[in-house]
Amino acid sequence: MKKLLLMSALFAFALVNGQDSSSCNCCSENQKAFDFWIGDWEVTSLTNGAAAGTSKISREEDGCVIRENWTSATPGYTGTSLNFYNSRTNQWEQLWVDNTGAHLKLKGNREGNQMILTSDEFTRDDGKTYRNRITWTKNDDGTVRQHWEVLQGEEATTAFDGLYKPQ
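Throughout, a residue's number is its position along its own chain's written sequence, starting from 1. Totals for whole chains, interfaces and linings use every residue, but because this is a predicted model, local features are given only for residues with pLDDT of at least 70 and side-chain atom pairs only at 80 or more, for both listing and counting. For side-chain calculations, the full set of non-hydrogen atoms in the structure is used, while hydrogens and water are omitted.

Peer 1: Provide a residue-level description of the overall build of the protein, including the pertinent values.
Peer 2: Note on conventions: DSSP H or I runs of at least 4 residues are helices, E runs of at least 2 residues are strands, and numbering of each starts at the N terminus. When its secondary structure is counted, the protein shows one helix and eleven strands. Listed by position from the N terminus, the elements making up the protein come as α-β-β-β-β-β-β-β-β-β-β-β. Relative accessibility thresholds used throughout: buried, under 20% of the residue-type maximum; exposed, over 50%; partly exposed, between the two (1.4 Å probe, protein chains only). Burial status across the protein gives 33% buried among its 167 residues. The contacts of the protein with a sequence gap of at least 6 include a subset with a gap of at least 24, amounting to 29%. Accessible surface area values rest on a Shrake-Rupley calculation with a 1.4 Å probe, where residue burial reflects the displayed protein chains alone. For the protein, the exposed surface amounts to about 10700 Å²; the carbon and sulfur share of it is 52%. Two residues qualify as a contact provided that any one of their heavy atoms is within 4.5 Å of a heavy atom in the partner residue.

Now the structure itself:
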């Protein structure tokens, strides 16, 4: 009987606390800074206008994570990213992983209408150090430009330049 009473009390406590709608762990302006990327998108290459793929981007984990699910127009290539605002470092972080085993870690912040995330330095086979920088730009027409650059010193090479259009 004591176990039943204790279980009932714990259940009631959890139920009451779970319904507290006034608490929101991820509702600050900083944590909403990347919301402009949320949606279902058709993505085209700005380089040649060709279809690049589709991307479904949603808020998950009670609004604390933005998840991207990418499907390339080239059959067989998919990937996902988890994006979150790290309140300890005051930066956005992204972890990208794909079905080839590749991954990418980025961090940064929103500046005006752009989210700019950059990787740590890494060394390629040529012995030179590089960084990845991806900039998402919120356009006035509701589209989003994603420009991925590989930086070697001050020199930037475009790895991908795409336009996200709402489906």
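Peer 1: A description of the nonpolar core should follow, citing residues and the corresponding values.
Peer 2: The biggest cluster of nonpolar side chains holds 21 residues, and the ones touching the most others in it are Phe34, Trp37, Trp92, Met115, Trp136 and Tyr164. Every element with two or more residues in this core is listed here: strand 1 (39-45), strand 2 (51-60), strand 3 (65-72), strand 5 (91-98), strand 6 (103-111), strand 7 (114-118) and strand 9 (129-138). With sequence-adjacent residues up to four places away left out, Phe34 is seen in contact with Ile66, Asn83, Trp92, Met115, Leu117 and Trp136. Residues belong to a common nonpolar core when they are buried Ala, Val, Leu, Ile, Met, Phe, Trp, Tyr or Cys residues joined through side-chain atoms within 4.5 Å.

Peer 1: Account for the state of the cysteines, naming residues and giving values.
Peer 2: Note on disulfides: each one is a pair of cysteine sulfur atoms within 2.5 Å. Under the criterion given, the structure shown has two disulfides. A disulfide bridge connects Cys24 with Cys27, and the sulfur atoms are separated by 1.5 Å. Measuring handedness by torsion sign, the sulfur bridge of Cys24 and Cys27 sits at about 65 degrees and is right-handed. Using a relative accessible area of 40% as the deciding quantity, one classes Cys24 as partly exposed. A disulfide bridge connects Cys26 with Cys64, and the sulfur atoms are separated by 1.9 Å.

Peer 1: Could you give an account of the environment of Gly79, naming the residues involved and the relevant values?
Peer 2: Within the element layout of this structure, Gly79 appears in strand 4 (residues 78-86). Counting along the chain gives eleven residues from Gly79 to Glu68, while the straight-line C-alpha distance between them is 8.0 Å.

Peer 1: Hey, could you go over the side chain of Asn83 for me, with residue numbers and the actual values?
Peer 2: By the secondary structure assignment, Asn83 is in strand 4. Here the side chain of Asn83 touches Gln94 through a polar contact of 2.7 Å, side chain to side chain. When sequence neighbours within four positions are dropped, the list of residues in contact with Asn83 reads Phe34, Trp37, Cys64, Val65, Ile66, Trp92, Glu93 and Gln94. The term polar contact refers here to a pair of N or O atoms within 3.5 Å; inside protein, the definition further demands a hydrogen-donor-capable atom paired with an acceptor-capable atom, and it admits residues adjacent in sequence only when both atoms are side-chain atoms.

Peer 1: Describe the pairing of strand 9, with residues and values.
Peer 2: Look at any regular strand and the pattern is simple: side chains alternate between the two faces of the sheet. Any two strands between which DSSP finds at least two bridges are classified as paired. As paired strands, strand 7 and strand 9 are joined by five bridges and run antiparallel to one another. Paired with Leu117 across the two strands is Ile134, which belongs to strand 9. Examined bridge by bridge, strand 8 (residues 122-123) and strand 9 share two bridges and lie antiparallel to one another. For Phe122, the partnering residue across the bridge sits in strand 9 and is Tyr130. Connecting the antiparallel pair strand 8 and strand 9 is a turn made up of five residues, with Gly127 showing a positive phi of about 85 degrees. In this structure, strand 9 lies alongside strand 10 (residues 144-152), joined through eight bridges in antiparallel fashion. Following the sheet pairing, Thr137 is matched in strand 10 by Arg145. Connecting strand 9 to the antiparallel partner strand 10 that follows it, the hairpin turn spans five residues, and Gly142 within it adopts a positive phi of roughly 90 degrees.

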